[in-house]
Amino acid sequence: MTTRFTNLIKLSVGSESVESMADWQTSRRAQTADGLPRHVTRMWPKRSEAILNGGSLYWVIKGLVQCRQRVLRLDEVTGEDGIRRCAIVLDPEIIRVAPSQKRPFQGWRYLQPEDSPADLGARRASEDSLPPELAGALAEIGVL
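None of the values given here were measured: they were computed from a predicted structure.

1. So, the overall build of the protein
1) Next: Along its length, the protein carries 4 helices and 7 strands.
2) Next: Scanning the protein from its N terminus toward the C terminus, one meets helices and strands in the order β-α-β-α-β-β-β-β-β-α-α.
3) Next: Considering the protein as a whole, with its 144 residues, one finds that 40% of them fall into the buried category.
4) Next: Total accessible area computed for the protein in this model is approximately 8,800 Å², and 51% of it derives from carbon and sulfur atoms.

What follows is the structure in structure tokens.
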């Protein structure tokens, strides 16, 4: 039996927009040795096999789930403090999703496929982003 995939969801702290998050991911600090974007976290996902079976990391920016990136692998890294951590290595392609509200939380959480926001079509993904406040208000009333 094949393992069903699962996703992760995480706040993109400090990001003002999908574009600012993408810009940060091009910095050397945010990349693996092979140049792929990564997010380093303290905890190693217990469902790593399911995540690596097609899962994505969904990003919450300004209170809205706005995009996702496919998880390519999980690397073990050791911080300057000697503590082992997990680097979630991501596909550089950022896929915009239908904005949906998400309250703040710490760390990452599992996100089941049936609870994950739908991808926006290629035509919608290339549209200019709405201001976060407007997108949030529209998502709250179910328009987005």
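From this point on, the discussion continues.
2. A word on the pairing of strand 3 (residues 56–61)
1) Next: Of all 6 residues that make up strand 3, 6 are buried, and the element is covered over most of its length.
2) Next: Bridge count between strand 1 (residues 7–11) and strand 3: 4 bridges; the pairing is parallel. Opposite K10, over in strand 3, you have W59 as the bridge partner.
3) Next: The pairing of strand 3 with strand 4 (residues 64–78) spans 6 bridges and is classified as antiparallel. Bridge pairing in strand 4 places W59 opposite C67.
4) Next: Hairpin remark: strand 3 followed by strand 4, antiparallel, with 2 residues in the connecting loop; positive phi at K62, about 55 degrees.

3. Observations concerning the side chain of R96
1) Next: Relative to the assigned elements, R96 resides in strand 6 (residues 95–101).
2) Next: In this structure R96 comes out as buried when scored by relative accessible area, which is 16%.

4. Describing helix 1 (residues 18–25)
Working note: α-helix, 3.6 residues per turn, so residues spaced by three or four point in the same direction.
1) Next: If you check which residues of helix 1 are buried, you get V18, M21 and Q25. Taken down its axis, helix 1 places every buried residue within 65 degrees of arc, on the same side.
2) Next: Next to the buried residues of helix 1 lie strand 3, strand 4, strand 5 (84–90) and strand 6.

5. Here's the deal with the side chain of T6
1) Next: Positionally, T6 belongs in the segment before strand 1.
2) Next: The exposure class assigned to T6 is buried, which follows from its relative accessible area of 3%.
3) Next: Looking at T6, its side chain comes within polar contact range of the side chain of Q112, at 3.2 Å.
4) Next: Excluding residues within four positions of it along the chain, T6 makes contact with R47, A50, I51, G55, S56, Y110, L111, Q112 and P113.

6. Remarks on the packing of aromatic side chains
In this description, an aromatic ring pair is defined by two values, namely the gap between the centres and the angle between the planes.
1) Next: The final tally for this structure, using the stated rule, is 1 aromatic pair.
2) Next: When the centroid spacing of 5.1 Å and the interplanar angle of 75 degrees are considered together, the rings of W108 and Y110 count as edge-to-face.
3) Next: Accessibility expressed as a relative area gives 13% for W108, which makes it buried.
4) Next: On the basis of relative accessibility, which here comes to 27%, the residue Y110 falls in the partly exposed class.
5) Next: For R47, the ring lying beneath its charged end belongs to Y110, and the centroid distance is 4.0 Å.

7. Some words on the environment of R70
1) Next: Its place among the elements puts R70 in strand 4.
2) Next: On the basis of relative accessibility, which here comes to 39%, the residue R70 falls in the partly exposed class.
3) Next: When the C-alpha atoms of R70 and D91 are compared, they prove to be 5.3 Å apart, with 21 residues separating the residues in sequence.
4) Next: In contact with R70, not counting residues within four places along its chain, are G55, S56, V89, L90 and D91.

Rules of the game
Residues numbered from 1 in each chain as written. Predicted model: local features only at pLDDT ≥ 70, side-chain atom pairs only at ≥ 80, totals over all residues. Heavy atoms only, no water. Helix = DSSP H or I, 4+ residues; strand = E, 2+ residues; numbered from the N terminus. Buried < 20%, exposed > 50% of the residue type's maximum accessible area, 1.4 Å probe, protein only. Areas by Shrake-Rupley, 256 points an atom, 1.4 Å probe, with all protein chains shown as cover. Pairing = 2+ DSSP bridges. Arc of directions from axis to C-beta. Contact = heavy atoms within 4.5 Å. Polar contact = N/O pair within 3.5 Å; in protein donor to acceptor, adjacent residues only side chain to side chain. Phe/Tyr/Trp six-rings, centres within 6.5 Å; stacked < 30°, edge-to-face > 60°. Lys NZ or Arg CZ within 6 Å of the ring centre and 35° of its normal.

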